[in-house]
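The chain contents come next:
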Amino acid sequence: VKAGSGLVTFGETSSAGVPKSFADETIVVSLNDKEALQKAFEEFKDQIAAVIIEPVPANNGLLLQHKEYLQFLREICTQNGTLLIFDEVISGFRIGFEGAAGYYQIQPDIITYGKIIGGGMPVGAYGASAAIMGNVSPEGPVYQAGTLSGNPVAMGAGIAQLTELLRMGFYRDLNNKTEEFTEAIQRFATARSYIFKVFSIGSIFWFAFSDKDIRKAEDIDPASMDKFKKLHRELINRGIYLGPSGYEVGFISSAHTKIELEKAKRAIFESLDIVFRDK
Ligand SMILES: Cc1ncc(COP(=O)(O)O)c(C=O)c1O
């Protein structure tokens with residue numbers, strides 16, 4: 001279902017094969033917009049089963065939310081008997097072992113995980129209180145299973161990954177490394193008065209060709225993607241590969257060495273000079 005603007009918009013199907021009637025079961029509201037959510041709860045009183053959000057929205061740029069907004073979500077869901085679901089497929093284990101829920105100290109009712117939890121193997125997971133999980137088969141009526149569910153190789157990789165993350169100082173080192181990297185790039189761009197902002201949290205970062213405080217998808221200027229394309233090309237020419245879309249975030253890994261990050265920084269400095277020289 002397409003993320004959209006507007007106060008309270010019904011979901012629109014954005015993929016063939018998704019019947020409109022399915023999409024009609026969802027209400028799409030803009031991020032960082034309390035009023036829109038309030039209006040949705042008023043209009044559909046007692047009909048909203050769950051609110052789902054990436055607490056660190058990282059699927060369309062990095063749209064950092066105010067803690068206060070996430071707390072508001074928690075409160076309005078509790079007041080209405082609605083479940084709050086944090087999609088932590090990207091943020092999970094990337095901004096600390098407890099993800100965004102731990103970072104913001106907000107407890108959702110259900111959390112979804114993917115990516116890191118499988119240590120590179122194909123794993124998805126969800127977690128909730130014992131009471132909610134009790135609804136899942138065989139204890140409860142919700143049937144959920146798959147050929148590769150609980151696949152031993154993937155589970156082994158996931159356990160190894162999580163064990164590594166629990167090493168003392170793992171997140172301190174990873175987050176410091178990311179901060180040094182992103183701050184150096186921001187300092188460089190600011191010193192040259194480039195309209196360029198680095199957004200970052202934990203080990204996640206995003207480059208925006210903007211000087212705005214970007215908090216929702218509508219804040220991103222599609223025209224700025226031309227500059228990203230140039231940056232991407234210049235970086236490839238220098239042996240540095242960013243995700244191929246300006247709407248994608250980047251990640252620093254514990255495997256990135258100081259030397260590699262220095263090389264990446266230098267390449268980014270040179271490339272930004274070219275992007276802004278060309279105008
Ligand atoms: C934020 C977010 N949620 C959910 C998914 C889907 O996860 P999965 O492929 O495990 O179903 C993705 C996939 O990239 C994602 O980025």
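Residues numbered from 1 in each chain as written. Predicted model: local features only at pLDDT ≥ 70, side-chain atom pairs only at ≥ 80, totals over all residues. Heavy atoms only, no water.

Attention now goes to the site of the ligand. Around the ligand, the surrounding shell consists of E54, N59, D87, V89, I90 and K115. Here a nitrogen atom of the ligand and a side-chain polar atom of D87 are 2.6 Å apart. The contact in question runs from an oxygen atom of the ligand to an N or O atom on the side chain of K115, over 2.6 Å. Residue classes in the shell around the ligand are distributed as two nonpolar, one polar and three charged. (Near = heavy atom within 4 Å. Polar contact = N/O pair within 3.5 Å; in protein donor to acceptor, adjacent residues only side chain to side chain. Nonpolar A, V, L, I, M, F, W, Y, C, P; charged D, E, K, R; others polar.)

The tally for this structure, following the rule as stated, stands at twelve salt bridges. We note a salt bridge from R215 to D213, for which the minimum N-O separation is 3.1 Å. The closest approach of N and O atoms between K265 and E262, which form a salt bridge, is 2.9 Å. Here the residue K265 and the residue E262 both occupy positions in helix 9 (residues 258–278), the gap between them amounting to three residues, near one helical turn. In this structure K265 comes out as buried when scored by relative accessible area, which is 13%. Several salt bridges share partner residues, and in doing so they unite E234, R238 and E270 into one network. (Salt bridge = Lys/Arg side-chain N within 4 Å of Asp/Glu carboxyl O. Helix = DSSP H or I, 4+ residues; strand = E, 2+ residues; numbered from the N terminus. Buried < 20%, exposed > 50% of the residue type's maximum accessible area, 1.4 Å probe, protein only.)

Here we have four strands laid out as an open sheet, ordered 3-4-5-6, and mixed in their pairing. Looking along the sheet, the strands with just one partner apiece sit at the ends: strand 3 (50–53) and strand 6 (125–128). Between one strand axis and the next, the sheet turns by 20 degrees as a mean value, whatever way the strands run. Seen against the sheet, helix 3 (residues 67–80) touches strand 3 and strand 4 (83–87) and runs at an angle of roughly 165 degrees to strand 3. (Pairing = 2+ DSSP bridges. Axes fitted to C-alpha atoms, helices over the stretch in contact; angles between N-to-C directions. Contact = heavy atoms within 4.5 Å.)

Read these as layout, nothing more, since geometry by itself doesn't imply function.
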